[in-house]
Amino acid sequence: MGWPRPAAAFLALALMGCVPAHRSATWTIYPLQRSQPHDGLAVVNQPDGYGLHIWLATDTRETGVCKPRWLVDPARLFNGNGSRPFSTGLASREEFFEAANRKDVQRALRQELQALCRQRAPKARWRWAAPPRSADEVTAPAFPMLEERDLLSPPGENAAS
């Protein structure tokens, strides 16, 4: 006598879903300081504790307003599920976009960036700006002092030879 089909299918699905913890992403999210509180966020998005160390920055160019400045080139996180996480090198922008599109990551980003704004510009009004969702939404920052005639051309221009 064999197993009834629904029970056999359920057992097969349950066994396929059993992946050792070290081989699946935990999507653990926590603050990971770079140089001051609230300036970094760890996102464990790969197996074995690998992930992203998203560096957080603020934009206070508009008088009285503090909002996120998005740095879409995160560092690679190592030992993210361990006791001494660290980062080095670069992770891909695609990983950043995938992580930043998750509600739990956005909630943590908003919380840490708001705290960073309170620390850096305590009198400024907080304004949330969602992270870019794709490479098409990323714009190169302007550095007017460096783009004077004799220094650098704007990043969007092609240099003519």
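Look up a bit, the structure's there.
## Quick notes on the overall build of the chain
- Across its full length, the chain carries three helices and eight strands.
- Going from the N terminus to the C terminus, the chain shows its helices and strands as α-β-β-β-β-β-β-β-α-α-β.
- Within the chain, the fraction of its 161 residues that count as buried is 30%.
- Accessible surface computed for the chain: about 10900 Å², of which carbon and sulfur atoms make up 55%.

## Topic: the sheet that holds strand β5 (residues 65-69)
- Pairing is mixed in the open sheet, where three strands are placed in the order β4-β5-β8. Looking along the sheet, the strands with just one partner apiece sit at the ends: β4 (57-59) and β8 (125-126).
- Sheet analysis places β4 next to β5, joined by three bridges and oriented antiparallel. Directly across from Asp 59, in β5, lies its bridge partner Lys 67.

## Here we look at the sheet that holds strand β1 (residues 29-31)
- Taken together, five strands build an open sheet; the order of strands is β1-β2-β3-β6-β7 and the sheet is antiparallel. The strands lining the two open edges of the sheet, one partner per strand, are β1 and β7 (86-90). Sheet twist, expressed as the average angle between the axes of neighbouring strands with direction ignored, equals 30°.
- Note: β1 against strand β2 (residues 40-43), three bridges, orientation antiparallel. In the sheet register, Tyr 30 faces β2, and the bridge partner there is Ala 42.
- Where helix α2 (residues 93-100) meets the sheet, its contacts fall on β2, β3 (51-55) and β6 (75-78), and the angle it forms with β3 comes to roughly 85°.
- The strands touched by helix α3 (residues 103-120) are β1, β2 and β3; relative to β2, the strand with the most contacts, the crossing angle is about 160°.

## A few points about the nonpolar core
- Core analysis: the biggest nonpolar cluster contains 19 residues, and Val 43, Ile 54, Leu 56, Trp 70, Phe 96 and Leu 109 have the highest contact counts within it.
- Every element with two or more residues in this core is listed here: β2, β3, α2 and α3.
- Ranked by the residues each element gives to this core, the list is headed by α3, at five residues.
- Filtering out sequence-adjacent residues up to four positions away, Leu 109 remains in contact with Leu 41, Ile 54, Leu 56, Trp 70 and Trp 128.
- Leu 32, Ala 42, Val 44 and Leu 77 belong to the second-largest nonpolar core, a separate cluster that totals five residues.

## With respect to the state of the cysteines
- On inspection of all chains with the given rule, the structure shows one disulfide.
- Two residues, Cys 66 and Cys 117, share a disulfide whose sulfurs are 1.9 Å apart. Note on the Cys 66 and Cys 117 pair: the S-S dihedral is about -80°, so by sign convention the disulfide is left-handed. Taken together, the residues Cys 66 in strand β5 and Cys 117 in helix α3 connect sequence positions 51 residues apart.
- Owing to a relative accessible area of 1%, Cys 66 belongs among the buried residues under this scheme.

## Some remarks on the packing of aromatic side chains
- In the structure shown here, the tally under the stated rule is six aromatic pairs.
- Ring geometry for Trp 126 against Trp 128: centres 6.3 Å apart, planes inclined by 45°, an arrangement best described as tilted.
- Here a set of aromatic residues connected by ring pairs shows up, and it is made of Trp 70, Phe 96, Phe 97, Trp 126 and Trp 128.
- Seen from the ring of Trp 27, Arg 102 lies directly overhead, with NZ or CZ sitting 3.9 Å from the centre.

## Notes on the side chain of Gln 106
- Structurally, Gln 106 is set in helix α3.
- Taking relative accessible area as the criterion, Gln 106 reaches 16% and is therefore assigned buried.
- A distance of 2.9 Å separates the side chain of Gln 106 from the backbone oxygen of Ala 100, its partner in a polar contact.
- Discounting residues that sit within four places of it in the chain, Gln 106 has contacts with Ala 100, Asn 101, Trp 128, Pro 131 and Arg 133.

Rules used in this analysis
Residues numbered from 1 in each chain as written. Predicted model: local features only at pLDDT ≥ 70, side-chain atom pairs only at ≥ 80, totals over all residues. Heavy atoms only, no water. Helix = DSSP H or I, 4+ residues; strand = E, 2+ residues; numbered from the N terminus. Buried < 20%, exposed > 50% of the residue type's maximum accessible area, 1.4 Å probe, protein only. Areas by Shrake-Rupley, 256 points an atom, 1.4 Å probe, with all protein chains shown as cover. Pairing = 2+ DSSP bridges. Axes fitted to C-alpha atoms, helices over the stretch in contact; angles between N-to-C directions. Contact = heavy atoms within 4.5 Å. Core = buried A, V, L, I, M, F, W, Y, C linked by side-chain atoms within 4.5 Å. Disulfide = S-S within 2.5 Å. Phe/Tyr/Trp six-rings, centres within 6.5 Å; stacked < 30°, edge-to-face > 60°. Lys NZ or Arg CZ within 6 Å of the ring centre and 35° of its normal. Polar contact = N/O pair within 3.5 Å; in protein donor to acceptor, adjacent residues only side chain to side chain.

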